[in-house]
Amino acid sequence: MPELPEVETTLRGIAPSLQGRTIRELRVRNASLRWPVTDEVQRACGQVVQGLRRRAKYLLIELQTGGLMIHLGMSGSLRICDADDAPRKHDHFDVVLDNGACLRFNDPRRFGLLMWWEAPADEHPLLRDLGPEPLMNEFSGGYLWQKSRGRRGAVKNFIMDGKVVVGVGNIYASEALYMSGIHPSRQAGRISARRYDALAATVRDVLERAIRHGGTTLRDFTNSDGNPGYFAQELLVYDRQGLPCFQCQAPIRKKVIGQRSSYYCVRCQR
Ligand SMILES: [Zn+2]
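This is a predicted model, so every value here is computed, not measured.

**Q** Please give an account of the pairing of strand 7 (residues 101–106) that cites residues and values.
**A** For strand 7, a buried count of 6 out of 6 residues is recorded, marking the element as mostly surrounded by other parts of the structure. Here strand 7 shows two buried faces, one formed by Ala-101, Leu-103 and Phe-105 and the other by Cys-102, Arg-104 and Asn-106. Looking at chain direction, strand 6 (residues 91–97) and strand 7 are connected through 5 bridges and run antiparallel. From the neighbouring strand, Asp-94 faces strand 7, where its bridge partner is Arg-104.

**Q** Pulling in residues and values, what's your account of the sheet that holds strand 5 (residues 77–82)?
**A** Read across the sheet, 4 strands follow the order 1-6-7-5 without closing on themselves; strand pairing throughout is antiparallel. The sheet terminates laterally at strand 1 (23–28) and strand 5, the two strands that pair on one side only. The sheet shows a mean angle of 20° between the axes of neighbouring strands, direction not considered. When strand 1 meets strand 6, the two strands line up antiparallel, connected through 5 bridges.

**Q** Break down the coordination of the zinc ion for me, with residues and values.
**A** Coordination of the zinc ion by the protein is provided by Cys-245 (SG), Cys-248 (SG), Cys-265 (SG) and Cys-268 (SG), with metal-donor distances spanning 2.2 to 2.4 Å. One chain supplies every donor to the zinc ion, and in sequence these donors are spaced C-x2-C-x16-C-x2-C. Of this pair, Cys-248 sits in the loop between helix 5 (193–212) and strand 9 (253–257) while Cys-265 sits in the segment after strand 10 (260–264), placing them 17 residues apart in sequence. No difference in accessibility class separates Cys-248 from Cys-265, as the two residues are buried.

**Q** I'd like to hear about the layout of surface pockets, residue by residue, with values.
**A** The volume enclosed by the largest pocket comes to roughly 390 Å³. As for the largest pocket, its lining consists of 18 residues, and the residues nearest its centre are Met-1, Lys-57, Met-160, Gly-167 and Gly-169. Here the residues of the lining of the largest pocket sort into 9 nonpolar, 5 polar and 4 charged.

**Q** Give a description of the sheet that holds strand 3 (residues 58–63) that names residues and reports values.
**A** Strand pairing in a sheet relies on backbone hydrogen bonds. The paired strands run either parallel or antiparallel. Strand order in the open sheet formed by 4 strands is 2-3-4-8, with antiparallel pairing between adjacent strands. Each edge of the open sheet is held by one strand with a lone partner, namely strand 2 (51–55) and strand 8 (113–117). Neighbour-to-neighbour, the strand axes of this sheet turn through a mean angle of 20°, independent of strand direction. As defined by bridge partners, strand 3 adjoins strand 4 (residues 66–71) across 6 bridges and the pair is classed as antiparallel. Opposite Leu-60, over in strand 4, you have Met-69 as the bridge partner. Strands strand 2 and strand 3 of the sheet are contacted by helix 1 (residues 4–18), whose axis makes an angle of about 175° with strand 2.

**Q** Account for helix 4 (residues 170–180), naming residues and giving values.
**A** Counting buried positions along helix 4 yields 10 of 11 residues, so the element is predominantly enclosed. Buried within helix 4 are the following residues: Asn-170, Ile-171, Tyr-172, Ala-173, Ser-174, Glu-175, Ala-176, Leu-177, Tyr-178 and Ser-180. On its buried side, helix 4 packs onto helix 1, helix 3 (155–159), helix 5 and strand 10. Where helix 4 ends, the next residue or the one after it, Gly-181, has phi of about 70°, a positive value.

**Q** Help me get a handle on the environment of Gly-189, residues and values and all.
**A** Along the chain, Gly-189 turns up in the loop between helix 4 and helix 5. A relative accessible area of 17% means that Gly-189 is categorised as buried. When the C-alpha positions of Gly-189 and Leu-130 are compared, they lie 20 Å apart, and in sequence the two are 59 residues distant. Residues within four places of Gly-189 in sequence aside, it is in contact with Ser-148, Arg-149, Gly-150 and Arg-151.

**Q** Give me the lowdown on the nonpolar core, citing residues and values where you can.
**A** The biggest cluster of nonpolar side chains holds 34 residues, and the ones touching the most others in it are Leu-144, Ile-159, Tyr-196 and Leu-199. Elements that contribute at least two residues to this core include exactly helix 2 (141–148), helix 3, helix 4 and helix 5. Looking at this core element by element, the count peaks at 7 residues for helix 5. Not counting chain neighbours up to four residues away, the residues in contact with Tyr-196 comprise Gly-141, Leu-144, Trp-145, Ser-148, Arg-149, Val-155, Phe-158, Ala-188 and Ile-191. Within the second largest apolar cluster, 28 residues are counted, among which are Leu-26, Ile-70, Phe-105 and Trp-116.

**Q** Could you give me a rundown of the packing of aromatic side chains, with the residues and numbers involved?
**A** Tallied over the full model, the rule gives 3 aromatic pairs. Measuring from ring centre to ring centre gives 4.8 Å for Phe-93 and Phe-105, while their planes differ by 10°; the resulting arrangement is stacked. In this pair, Phe-93 sits in strand 6 while Phe-105 sits in strand 7, placing the two residues 12 residues apart along the sequence. Phe-105 shares its class with Phe-93; the two are buried.

Rules and cut-offs
The residue numbering used here restarts from 1 in each chain and proceeds along that chain's sequence as written. It should be noted that, the model being predicted, local features are given only for residues of pLDDT at least 70 and side-chain atom pairs only at 80 or more, the latter also being counted only at that level, while totals for whole chains, interfaces and linings use all residues. To obtain the side-chain values, all non-hydrogen atoms of the structure were used and water was disregarded. Each residue gets one of three labels from its accessible area relative to the maximum for its type: buried under 20%, exposed over 50%, partly exposed in between, using a 1.4 Å probe on protein chains only. Each helix is a run of DSSP H or I of at least 4 residues and each strand a run of E of at least 2, with the numbering of both proceeding from the N terminus. What makes two strands pair is DSSP finding at least two bridges between them. Lines fitted to C-alpha atoms define the axes, with helix axes restricted to the stretch in contact, and inter-axis angles between N-to-C directions lie between 0 and 180 degrees. Only nitrogen, oxygen and sulfur atoms count as donors, using a 2.8 Å cut-off from the metal that widens to 3.2 Å for Na, K and Ca. Water is left out, so coordination shells may look unfilled. Site definitions follow a grid-based scheme: protein atoms alone, a 1 Å grid, a 1.4 Å probe that fits but cannot get out for cavities, and for pockets an open set with protein on both sides within 12 Å along at least five of seven lines, plus lining residues having an atom within 4 Å of a point. Grid points are joined across faces, edges and corners, and a volume is the space filled by probe spheres set on the points. In this classification, the charged set is Asp, Glu, Lys and Arg, the nonpolar set is Ala, Val, Leu, Ile, Met, Phe, Trp, Tyr, Cys and Pro, and all remaining amino acids, among them Gly, are polar. Two residues qualify as a contact provided that any one of their heavy atoms is within 4.5 Å of a heavy atom in the partner residue. Take the buried Ala, Val, Leu, Ile, Met, Phe, Trp, Tyr and Cys residues and link them wherever side-chain atoms come within 4.5 Å; each set so joined is a nonpolar core. Only the six-membered ring of Trp is used, alongside the rings of Phe and Tyr, when aromatic pairs are assigned; centres must lie within 6.5 Å, and planes under 30 degrees apart are stacked while those over 60 apart are edge-to-face, with the rest tilted.

Printed below as a string of structure tokens:
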């Protein structure tokens, strides 16, 4: 599933092709995505792309009077191609530009979405309750410590809660907790401010590293230029159950927390 680094990588990959271009046409081949694609998206036609940005895992194409919102869902990917190129299987929509290029969306499982929004995007129902971005200054150990007081649930679920902080998916939560020496089942409300400082730093570090490496590919994702990311080769703990911990050689354990597989070292994480 594309996580924050893949979405950020996609954004950086497609932005130069869209910035400043006029949208000529919106071709929807299959409107039955996570929510049906409505005719509202046609409002994008004739408008100039003012900018592109990411909020959590949503890509926002900013136009003159609103914009388009795209989510990659479980298996979506975007690529830039010639609008005349024959569509492949699962190519559900094209954003056709004035120079004949297009942004093409492929999604075998169809959990992605394409929507029209009116400014300001941050007040859209899908975006307004989201927590801060993990790579921005508002996300810090102090913030996590304050937000976690009184929380009895596992810290892993806490940092994966999009209302606490966005974009910390299962892989990155496991990695950051390992790097900061915090056991994934520990009660969020009982972790010290000092340890949350370490956790905020490792969350940031693991996401930035993944972005530098073009995102983590486990299954479906391909970058917009067609090359898979390769961060999966660098994971320290995720999907390594039974293999020796890189720090102490104890076997990595796997446990289901909040219905998600968690990987940790029983010696290094407390
Ligand atoms: Zn260890």
